[in-house]
Every structure is written in C-alpha cells, then in structure tokens.
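Coordinates in review
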Amino acid sequence: MRGRMPGGGPPRKSQFSSGNNEAAAYMARQKQEGSSHGMMGTILPVYAVGIFIYFGYVIYKIFLKDKHKG
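A quick note: this is a predicted structure, and the numbers were derived from the prediction, not measured.

Let's shift gears to the overall build of the chain. Along the backbone of the chain there are two helices and zero strands. For the chain, buried positions account for 0% of its 70 residues. Carbon together with sulfur atoms contributes 65% to the accessible area of the chain, which is approximately 7100 Å² in total.

Written out as structure tokens, the structure reads:
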C-alpha cells in the first residue's frame, strides 16, 4: 500500500504541508520588498563588470609596455 510505513501505521503527512502557505506568503513578501531595489540590482553588476574590464586593461597595458621597452 502506498503511503504506509512498513509497520502498518497510518500514512505520513508531508513535512511541507502544514507550513506551505506561510512559506509562500514569506517568499511573496521578500519579492515585494526586493523589487524596490531593482535599479541598483541591475546597475551594480554592470558597474562591477566595467571595473573588472578596466582592471584587466590596466594590467594588459602594464605588461605590454614592459615587453616593448625590453
């Protein structure tokens, strides 16, 4: 029989069935609170990528400059 333990006891309830509504409400609140910071969440990663590219460019120029002088 499905859902029964080997000992023949009653079927077990899912561990998520009792708190499922609370978890969904909590996740919805977090999404709503996080949506007000949408622009910063978009701009900051782009800014970080730009800094990383600039840093790579500076390192490239330093090493290229040393090769031409040698």
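Back to the text.
Let us look at the UniProt feature "transmembrane region" (unreviewed entry) in the chain. Those places that UniProt annotates as "transmembrane region" (unreviewed entry) correspond, in this numbering, to residues 44–64. With 100% helix and 0% strand, the stretch residues 44–64 has end C-alpha atoms that lie 30 Å from each other.

The next thing to look at is a nonpolar patch on the surface. Taken together, the side chains of M39, M40, I43, L44, Y47 and I51 define a hydrophobic patch exposed on the protein surface, amounting to about 660 Å² of accessible area. You can see L44 is positioned in helix α2 (residues 38–69).

Here is what the cut-offs are and how they apply
Residues numbered from 1 in each chain as written. Predicted model: local features only at pLDDT ≥ 70, side-chain atom pairs only at ≥ 80, totals over all residues. Heavy atoms only, no water. Helix = DSSP H or I, 4+ residues; strand = E, 2+ residues; numbered from the N terminus. Buried < 20%, exposed > 50% of the residue type's maximum accessible area, 1.4 Å probe, protein only. Areas by Shrake-Rupley, 256 points an atom, 1.4 Å probe, with all protein chains shown as cover. UniProt positions renumbered as here; feature names shortened; annotations may be inferred. Patch = residues over 30% accessible without salt bridge, like charges linked within 9 Å, V, L, I, M, F, W, Y side chains within 5 Å. Salt bridge = Lys/Arg side-chain N within 4 Å of Asp/Glu carboxyl O.

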